[in-house]
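Geometric and topological summary
One-letter residues, chain by chain:
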Amino acid sequence: MEVAALLTALRTARPQGRAIAGFNFDITTIRRLVIGTKDRETGGPHAPVSLSDSLNARFKLVWDDGRVSRGVMERRAIESDPHPVLASALAAAYDDPDARTILGPSAFPDVPTLDPGTVKLAEGAIDPFVPRLEAIRARLADHGLKTWSGSMQAAHGNTRLLTSAGLDVEAEGTSTSWSVSFDGESVGAGKSGRRLEPFEEFALRLDRLVTLVLALRGTAPARPGGVVPVLFHPGVVEDYVLAVLLHNLDGEQVAHGTGAFTRAQFGSGFASLRPDLTLRTDPLVPFASGAYRFTREGVPAAPVTLIDRGRLATPMLDLKYARRLGLPPNAPPAAMDTLFFEGALAIDEPAALGAAAGGVLVLGVLGVHTQDFTSGDFSLSAPQSLAIGANGFEGRLRGTVSGNLFELLRSDDLAFVRFPGETTPGLLVRCRFDAQ
């Protein structure tokens with residue numbers, strides 16, 4: 001897009017006599033196609049087909065008095081007259097010495113993120129979606145399911161990053177995603193990436209969803225509450241376990257002392273979690289949803305190990321908190337398919353179900369936002385759980401799962417579980433489950 005007016009304004013603007021000493025501007029344009037379905041009706045008034053263009057421009061300004069402004073700017077302001085937005089930004093400027101860093105040119109990795117077929121999808125060529133919609137409707141009819149809802153989308157975007165230090169770099173990419181629920185049940189029913197997965201993988205994922213939805217129809221016999229084997233589905237691991245870890249690994253939490261981990265623990269060599277547990281991110285995985293070339297601040301994408309065999313290696317650090325903590329900045333995870341949560345031994349799903357006989361498979365939890373992420377104590381409503389018996393699933397249980405996450409991640413009872421089609425593992429633990 002045209003940025004000449006923007007660059008001229010950034011170099012010459014003098015609101016209230018102040019000049020801009022440094023700037024960082026990232027501008028992202030996206031064309032997106034979305035096909036929605038609500039209660040079996042595709043493209044209806046409650047889930048329409050939409051084709052849209054959007055622009056998201058975010059900036060950081062460093063004024064000549066050292067104060068900093070952050071904000072957003074619309075396309076019209078960028079292309080015609082940025083001055084009113086810059087004047088407003090000055091009015092909201094604040095003093096933050098750690099936030100003044102502006103990066104210059106660097107060497108940026110090349111990672112495949114652009115798929116020509118997805119570009120056509122984002123332009124409206126929806127043919128690849130048609131057999132997938134037909135496959136969903138076929139499952140509905142074949143298994144006596146009442147209804148389904150969901151969406152399929154494709155997008156094509158471009159990001160340009162400009163800084164006052166001479167950085168001018170672009171990245172182009174595509175994305176696709178879909179999600180489906182049958183009869184209101186959605187458990188691991190979706191996929192995102194830079195391009196559509198092969199139809200065979202899509203069909204297998206759909207079949208796994210149908211199996212779980214049908215298993216949830218039955219009601220399990222009543223059970224007493226207590227400590228039992230609990231198998232967390234990968235969706236629960238992402239929604240709660242990794243959310244807690246990433247919250248406490250955030251540089252802001254570490255710098256302010258408001259998280260579970262202190263600055264002194266990073267790099268100390270002390271095992272804060274079980275000695276075989278590793279958490280790392282790799283934004284250079286080709287066509288992964290979380291793949292990218294650079295951060296919004298201009299930090300080159302690169303693999304980062306956050307937890308190395310139970311030891312805290314580094315927090316996630318933007319420029320501000322890297323400076324405050326005296327550590328180098330790094331590239332944070334952008335999606336779960338580039339975040340790798342690993343243990344020394346991992347068992348497959350059938351083995352885990354066998355080991356969890358007498359326990360439950362927790363497919364979804366509610367109330368994550370109410371939990372104390374710092375202490376690790378949790379008590380989560382688990383309305384989508386399946387009782388596990390000696391011969392498999394015994395029906396649905398609604399209950400509450402509780403314990404302390406950090407104790408579970410230090411326990412010898414913890415096992416990583418490989419689920420078909422999932423990059424995130426499930427976790428087999430022993431904790432309390434109280435059925436309602």
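Our subject in this report is the structure included herewith.

The rules behind these values
- Residues numbered from 1 in each chain as written.
- Predicted model: local features only at pLDDT ≥ 70, side-chain atom pairs only at ≥ 80, totals over all residues.
- Heavy atoms only, no water.
- Helix = DSSP H or I, 4+ residues; strand = E, 2+ residues; numbered from the N terminus.
- Buried < 20%, exposed > 50% of the residue type's maximum accessible area, 1.4 Å probe, protein only.
- Polar contact = N/O pair within 3.5 Å; in protein donor to acceptor, adjacent residues only side chain to side chain.
- Contact = heavy atoms within 4.5 Å.
- 1 Å grid on protein atoms, 1.4 Å probe; cavity = no way out; pocket = protein on both sides within 12 Å on 5 of 7 lines; lining within 4 Å.
- Points joined across faces, edges and corners; volume = space filled by probe spheres on them.
- Nonpolar A, V, L, I, M, F, W, Y, C, P; charged D, E, K, R; others polar.
- Phe/Tyr/Trp six-rings, centres within 6.5 Å; stacked < 30°, edge-to-face > 60°.
- Lys NZ or Arg CZ within 6 Å of the ring centre and 35° of its normal.

**Regarding the side chain of R396**
By the element assignment, R396 lies in strand 16 (residues 392-404). Take R396: its relative accessible area is 12%, and that puts it in the buried class. Engagement of the side chain of R396 in a polar contact is seen with the backbone oxygen of P383, the distance being 3.1 Å. Leave out the neighbours within four places in its chain, and R396 touches E185, A215, L216, G218, T219, A220, P383, Q384, S385 and L386.

**What to know about empty space enclosed by the protein**
Applying the stated criterion across every chain yields a total of one cavity of 30 Å³ or more. Quantified by volume, the largest cavity comes out at close to 50 Å³. The wall of the largest cavity is formed by F232, V236, Y240, V241, V365, F378, L380, L405 and L408. Looking at the lining of the largest cavity, the elements that each hand over two or more residues are helix 7 (234-249), strand 15 (377-389) and helix 11 (405-408). Counting residues per element, the lining of the largest cavity draws most heavily on helix 7, at three residues. Taken together, the residues that form the lining of the largest cavity break down as nine nonpolar, no polar and no charged.

**A closer look at the packing of aromatic side chains**
Throughout the structure, instances matching the rule amount to nine aromatic pairs. Aromatic side chains F25 and F59 sit 5.3 Å apart centroid to centroid with 25 degrees between the ring planes, which places their arrangement in the stacked category. With a gap of 34 residues between them, F25 in strand 1 (residues 20-38) and F59 in strand 3 (residues 49-63) connect regions that are remote in the sequence. F25 gets classed as buried once you look at its relative accessible area, which sits at 0%. Measuring from ring centre to ring centre gives 5.9 Å for F199 and F202, while their planes differ by 40 degrees; the resulting arrangement is tilted. Separated by three residues within a single helix, F199 and F202 lie in helix 6 (residues 199-217), roughly one turn from each other. Exposure remark for F199: the relative accessible area of 32% places this residue in the partly exposed category. Note on F202: relative accessible area 0%, which makes it buried. One aromatic cluster in this structure is built from W178, F199 and F202. Its end group placed over the ring of F340, R280 keeps NZ or CZ at 4.5 Å from the ring centre.

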